[in-house]
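Each chain is listed here by its residues.
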Amino acid sequence: MPVCYHAASKTFHLQGKTFSYVLAVREDGTLVNLYWGSRLPDGEITYLMDGYQGSASFDPLFGHLPLEMPTRGTGYYGTPAVCAMNAQGNDLTCLTYEDYTIASGKAAIPGLPATYVESPDEATTLIIRLRDKLTSLCADISYTVFEQLDVLTRRTALVNEGSEKLTLTHMQSASVPLYGRDYDLVHLKGSWARERAVVRTPLGQASVRVESQRGASGHEENPFIALCEKSATEHAGSVWSMNLVYSGSFLATAEVNNQHNSRLTIGLNPEVCRWQLAAGETFCTPEAVLVYSDEGFNGMSHRYHTLYRTRLCRGEWRDKPRPILINNWEGTYFDFNEERILAIAERAKEIGVELFVLDDGWFGKRNTDNCSLGDWVVNREKLPCGIDGLAKKVNDMGLMFGLWFEPEMVSPDSDLYRAHPDWCLHVAGRPRTEARQQLILDLSRVEVQDYIIKAVSDVLGSASIGYVKWDMNRNMMEYFSGDQTPDKQMETQHRYMLGLYRVLETITSSFPNVLFESCSGGGGRFDAGMLHYMPQTWTSDDTDAVERLAIQYGTSFVYPASSMGAHVSASPNHQTGRATTLKMRGDVALGGNFGFELDLSRQSPEDVTEMRRMVEDVKRLRLTLQQGTFTRLESPFESNFAAWQFVSADEQDVVLCCYQRLAMPNPASHRIFLNGLCAEAKYRDEKSGKIYSGAALMRAGLPLPRPMGDFTSWVYEFKRI
Ligand code: DGJ
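## Brief notes about the overall build of the protein chain
Step number 1: A tally of helices and strands in the protein chain yields 14 helices and 38 strands.
Step number 2: The C-alpha radius of gyration of the protein chain comes to 26 Å, within 12% of the 27 Å expected for a compact globule of 721 residues.
Step number 3: Projecting the C-alpha coordinates of the protein chain onto the three principal axes gives extents of approximately 80 × 70 × 45 Å.
Step number 4: Looking at the 721 residues of the protein chain, the share that counts as buried comes to 63%.
Step number 5: Taking contacts inside the protein chain between residues at least 6 apart in sequence as the whole, the part at least 24 apart equals 69%.
Step number 6: Accessible surface, the protein chain: about 25700 Å² in total, of which carbon and sulfur atoms supply 52%.

Following this line, the structure appears as structure tokens:
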């Protein structure tokens, strides 16, 4: 049973395939977390509370308890999970157990993205209600166990059943205590063009914040946090992790208290979000996905990948092979006309590409990035036949046509801004700070949401458009609204996200055939919230193959390969100036949704031939690449090499990708150790015809050739025989 309640001990035991999560209600009504880790047999573990009975110290016992829903002012001194300021002006919030329900399935969260079930037997949901007896604030904590997928999700609905307005100051999605402190902290840090570097540090007795206050999940941190045993590796050891299904500002914390116990928390960022909860109203937190793995970080990633690929992403494209695309951005930037675009499309068709994507610069008078955002009307000087005419010509060549938008933005030099200067985020009397010469539309306003829905839908309805790249190229500064009363100004960031999700829900369901890819200056909003609406994301504006090893490796900690856009671009690379071979660039792009981003019409005949071969390879392998099991084998953060493998769902095909950064004189032999194969089975290397046992590939490893020159790559295809 995924969820058991034991009335005598008032304990709840949640069980996935390999994990247990145990809660208990104490006599005083406090809800505590007794355990999260490897699966336990169902039974009595309330004896664990004995460890807390005798605590005598400067702090009250309460503060030392493994609280499941800690609040402030109660003797707990860490990041609170919930806090509400009441009409008396204090934020003391005391939540005690009231009742519970257990039901099959999983309900949607109104207005927010979330994981889902396709039939009620896929998951079981426990809802525990806590209540503050003084204010009548209720916290309905929902836990959903996806037993087969082996994950737990958690969120809270805060319901004001009292008669006075409350101000929510903390509304975290999950807060979980862990026994002990001897953990390493892992998070994904970066910047524009250097997203999601894997950072692992000893936690010690510290409080660490991993956060964004930018109004987007951001390039700097990802809404992901994990603790692991010191000995945990990619393939072994315990890992406890949380990922937030949300695309705006967030806070994740890892804390160790003075009793040497740890806690992980994730949710909205209280620095930039406060919410007025009037009598009778409900506030829903975003969903947190909790993954425990006793098979190291790959075990954790496998669980996220399967859940996100199959029960977070939605729509027609969720399970379809993703088209190989050519995007003109790095090929032309703003300097294009119809003739140049068609020349690229023609060459793309020749090499087997399936989708042409027209990037920024097709609308208004946008020949540089200083104008026209908001004016989603084609520039006929550049494209005299319009988007419909161009799309038709591209379709006639046998390619799908895709289009770039940046719908959440407005340029001060635009008809939209001249007509509606109050439609951007701003504070009256203060400057409106531009970044990339643009301002952010105030998506907390319904009329702005409706404008975006209409503007984008009009274009999509006017031409044969099969793909949309939805970009967002700056973060929030004056994140307030001209449309809200003073007491609700601190709600603007979250209201913006709710508005964005409404826009995305409306547009993606009106155009179910369109493949949507999200983007934010590359990977500045690569999160599970966006993946609910758009099954792929542009991973990074850094298209340098060597840099991409680290970016794609880090991204894969949480997000599946089928969600990562990966393109072959020009050499020398536009972000780093580094020269790499076409083979290396292609082999790296194989790690995600493969595409090209360079002027194909200007490539040498030899390169065109090689590109045609790459496209054939991707088409042959893409089911394995997009729907197989992805496993990291060697980290670019730890060595001169990187390696990962894909195993097809039927376990018959294995694609092994290996990379070496710098060449070395007199190098030692370097072996790659595959993982998760069948030890008894035989595998044939499809290129050399050599046959290996699964046991040998995993235990003895595969020696790489000794290359001359920097930036080398090898892709092996093995067939199980
Ligand atoms: C940022 C994106 O990440 C790029 O790929 C490109 O679309 C530019 N914006 C266009 O302005």
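More follows now that the structure is in view.
## Remarks on the side chain of T537
Step number 1: By secondary structure assignment, the location of T537 is in strand β28 (residues 536–538).
Step number 2: Look past the residues within four positions of T537 in its chain and what remains in contact with it is E517, S518, R525, F526, L531, S563, M564 and G565.

## Notes on the side chain of H187
Step number 1: Examined against the element boundaries, H187 turns out to sit in strand β11 (residues 183–189).
Step number 2: Polar contacts involving the side chain of H187 include one to the side chain of E221, which spans 3.1 Å.
Step number 3: Those residues in contact with H187, other than ones at most four positions away along the chain, are A197, V198, V199, V210, E221 and F224.

## Looking at the domain arrangement of the protein chain
Step number 1: Taken domain by domain, the protein chain holds domain 1 (62–311), domain 2 (325–538) and domain 3 (641–720).
Step number 2: The straight-line distance from the C-alpha centre of domain 1 to that of domain 2 is 31 Å.
Step number 3: Counting from both sides, the interface comprises 34 residues of domain 1 and, opposite them, 27 residues of domain 2.
Step number 4: Taken together, domain 1 and domain 2 are joined by 1 salt bridge.
Step number 5: Here D487 makes a salt bridge to K165, at a shortest N to O gap of 3.0 Å.
Step number 6: The interface formed by domain 1 and domain 2 contains 22 residue pairs in polar contact (both at pLDDT 80 or more).
Step number 7: The element contributing the most residues to the side of domain 1 that touches domain 2 is strand β15 (residues 239–245), with 3 residues.
Step number 8: Grouping the amino acids of the side of domain 1 that touches domain 2 by side-chain chemistry returns 16 nonpolar, 12 polar and 6 charged.

## Here's the deal with the site of the ligand
Step number 1: Neighbouring the ligand are 13 residues; D359, D360, K469, D471 and D541 lie closest to it.
Step number 2: Between the ligand and W404, the relevant distance is 3.1 Å, taken from an oxygen atom to a side-chain nitrogen or oxygen of the residue.
Step number 3: In isolation the ligand exposes 290 Å². Once the protein is present, 97% of that is buried.
Step number 4: Looking at side-chain class alone, the shell around the ligand contains 4 nonpolar, 3 polar and 6 charged residues.

## Digging into helix α3 (residues 296–311)
Step number 1: Here α3 is 16 residues long and its end C-alpha atoms lie 23 Å apart, about the 22 Å a rise of 1.5 Å per residue gives.
Step number 2: The buried fraction of α3 amounts to 14 of the 16 residues, a majority that puts the element mostly inside the structure.

## With respect to the packing of helix α11 (residues 545–555) against helix α12 (residues 582–589)
Step number 1: Where α11 meets α12, the axes come as close as 9 Å, and the angle between the chain directions of the two elements is 15 degrees. Judged on the interaxial angle alone, α12 and α11 are roughly parallel. When you trace α11 past α12, the crossing you get is left-handed. Here α11 contributes A545, V546, R548, L549 and Q552 to the contact with α12, which in turn contributes M584, R585 and V588.
Step number 2: By residue class, the composition of the contact of α11 with α12 is 5 nonpolar, 1 polar and 2 charged.

## Notes on helix α9 (residues 492–510)
Step number 1: Given a rise of 1.5 Å per residue, 19 residues ought to cover 27 Å, and the 27 Å separating the end C-alpha atoms of α9 matches this to within 8%.
Step number 2: Among all positions in α9, only T492, Q493, H494, Y496, M497, G499, L500, Y501, V503, L504, I507 and T508 are buried.

## A short note on the sheet that holds strand β2 (residues 11–15)
Step number 1: The 4 strands are arranged β1-β2-β3-β4 in an open sheet whose pairing can be described as antiparallel. In this open sheet, the two strands that pair with only one neighbour each are β1 (3–6) and β4 (31–38). Averaged over all pairs of adjacent strands, the angle between strand axes in this sheet comes to 15 degrees, irrespective of strand direction.
Step number 2: Summarising the sheet, β1 and β2 pair through 4 bridges and their orientation is antiparallel. Bridge assignment links Y5 to a residue of β2, and that residue is F12.

The rules behind the values
Residues numbered from 1 in each chain as written. Predicted model: local features only at pLDDT ≥ 70, side-chain atom pairs only at ≥ 80, totals over all residues. Heavy atoms only, no water. Helix = DSSP H or I, 4+ residues; strand = E, 2+ residues; numbered from the N terminus. Rg over C-alpha atoms; globule rule 2.2 N^0.38 Å. Buried < 20%, exposed > 50% of the residue type's maximum accessible area, 1.4 Å probe, protein only. Contact = heavy atoms within 4.5 Å. Areas by Shrake-Rupley, 256 points an atom, 1.4 Å probe, with all protein chains shown as cover. Polar contact = N/O pair within 3.5 Å; in protein donor to acceptor, adjacent residues only side chain to side chain. Domains from an automatic or database assignment. Salt bridge = Lys/Arg side-chain N within 4 Å of Asp/Glu carboxyl O. Nonpolar A, V, L, I, M, F, W, Y, C, P; charged D, E, K, R; others polar. Near = heavy atom within 4 Å. Expected span 1.5 Å × (residues − 1). Axes fitted to C-alpha atoms, helices over the stretch in contact; angles between N-to-C directions. Parallel < 35°, antiparallel > 145°, perpendicular 65-115°, else oblique. Left-handed = near helix turned anticlockwise from the far one by under 90°. Pairing = 2+ DSSP bridges.

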